[in-house]
Amino acid sequence: MDEIPFERHVWAEIDLDALRHNFRLTQQQAGEMPLCAVVKADAYGHGAIRCARVFAQEGAAWLAVSRLTEALELRRAGLGLPILILGRTDPRFAGVLARQRITQCCYSLPYALALSERASAAGVQVDIHLKADTGMGRIGFALRSSFDTAIQEMLTAAGLPGLRMTGLFQHFSAADEAGADSAAYTAAQHALFVRAFEALRAAGREPALVHCDNSAGTLLHPDWPAGLPRTRCMGRPGIILYGYPPSSDVPCPGLRPAMAMKTVVSMVKELQPGQSASYGRRFTAKAPTLAATLCAGYADGYPRLLSEGKGVVDIHGVPCPVLGRVCMDQMLVDVSGVPSTAEGDEAVLWGGCTAGDTAESIARKTGTISYEVLCGVARRVPRVYVQEGRPLYIDDHLNV
């Protein structure tokens, strides 16, 4: 097969300097507390391997992922930091967890029993972090349902053969929301977590590591090792490492968004009055309108909900609204305000510009959050990593 160089079609540009800046800013906020960098979901769309390497160089103590395949990708890439899987791993892979030195979230007694059985059969010992459900309501030992029962189940899990309990953690559900009710709920979650730690310690099963702060917690409550041994506490930031606040309620001065989504103009034409553009004829020109076709669409991660003028693209520093419907692989924008637009010109879909959208503005327009916008960048979109404004690496999954 012929190998081709990188094609300027549609790509995500990742600023490595911004990633370093955000990690350092987060570490400053967390004080001396070590950080577990969350790189699940391909580092929120930014590329897990490249981002994990940056965070490791900057002093990350741990990495966190969602599933086993994400952890193994990091190990194959040579990442040697401790890795925590935040979700379920099929107990059949206990041997893989042990051999690859991957710590597994343990969230219920039935799961612990199944993992123990498989680990014992394989003759290995799997490190686990107990997951306490203090109010998120997804997975975890249900402290709110029955504290005593949950603690007893944790203690049983920690004593099973083939398992070695090395940590305890939980996840805040409303730390990124303003309001007295949310603040009180978050404080109650933390208090319950501290109480669980104390119960485990009293029973002779003190965890070596505890972590409860997500991005919002790290920013708003860096003092929340209070009630816990500070030397055993770790922060677990995610979205802020990539330059975005957890929500509009959480102030994050100084963060630098690391991703810019870019494409090129494939054609420029003038639509005459009465001419329509794209599927469904949702735009019909009332006056001569200069339109540019771009090499990007919803299959690349540009939301279709930005159709009909909701999305704004930056071309030569000029805001250019979307015309008609966003298609799977292409879209049109109004470039009447920048008549010099030509085929091959760069168009910034979001980020790294002053005249167009950001991931946050797109999230507001489409009724979602920046996390989803970033994670929605498709696998077929190459990631171009820049340092000091110059391309350093290009990861193109379809051209390897």
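Residues numbered from 1 in each chain as written. Predicted model: local features only at pLDDT ≥ 70, side-chain atom pairs only at ≥ 80, totals over all residues. Heavy atoms only, no water.

- Looking at an unreviewed UniProt entry, one finds the protein named Alanine racemase and attributed to Candidatus Faecalibacterium gallistercoris.
- Quoted verbatim from the Sequence similarities (unreviewed entry) field of the UniProt record, the comment on the protein reads "Belongs to the alanine racemase family."
- The UniProt entry for the protein carries the following text under Pathway (unreviewed entry): "Amino-acid biosynthesis; D-alanine biosynthesis; D-alanine from L-alanine: step 1/1." (UniProt positions renumbered as here; feature names shortened; annotations may be inferred.)

**Remarks on the pairing of strand 17 (residues 331-334)**
- In the sheet, strand 14 (residues 289-294) pairs with strand 17 via 4 bridges, with the strands oriented antiparallel. The residue bridging L294 from the neighbouring strand is M331, located in strand 17.
- Pairing of strand 16 (residues 318-323) with strand 17, which is carried by 2 bridges, proceeds in the antiparallel orientation. Within strand 17, the residue paired with L323 across the bridge is L332. (Pairing = 2+ DSSP bridges. Helix = DSSP H or I, 4+ residues; strand = E, 2+ residues; numbered from the N terminus.)

**A closer look at the state of the cysteines**
- By the definition in use, this model includes 0 disulfides.
- The thiol sulfur of C106 is not disulfide-bonded, and the nearest other cysteine sulfur, from C105, lies at 7.1 Å.
- The class of C106 is buried, set by a relative accessible area of 0%.
- Residue C295 stays outside any disulfide, its sulfur separated by 12 Å from that of C327, the closest cysteine. (Disulfide = S-S within 2.5 Å. Buried < 20%, exposed > 50% of the residue type's maximum accessible area, 1.4 Å probe, protein only.)

**Some points on the UniProt feature "binding site: substrate" (unreviewed entry) in the protein**
- Using the residue numbers shown here, the UniProt feature "binding site: substrate" (unreviewed entry) corresponds to R138 and M328. Sequence-wise these annotated residues cover 191 residues; spatially they are dispersed, their C-alpha atoms as much as 33.9 Å apart.
- Looking at where R138 falls in the secondary structure, it is placed in the loop between strand 6 (126-133) and strand 7 (141-142).
- With residues up to four places along the chain from it excluded, the contact list for R138 reads D133 and H171.
- Position of M328 among the secondary structure elements: in the loop between strand 16 and strand 17.
- Each residue touching M328, except ones within four places of it in the same chain, is listed here: G297, Y298, A299, D300 and R380. (Contact = heavy atoms within 4.5 Å.)

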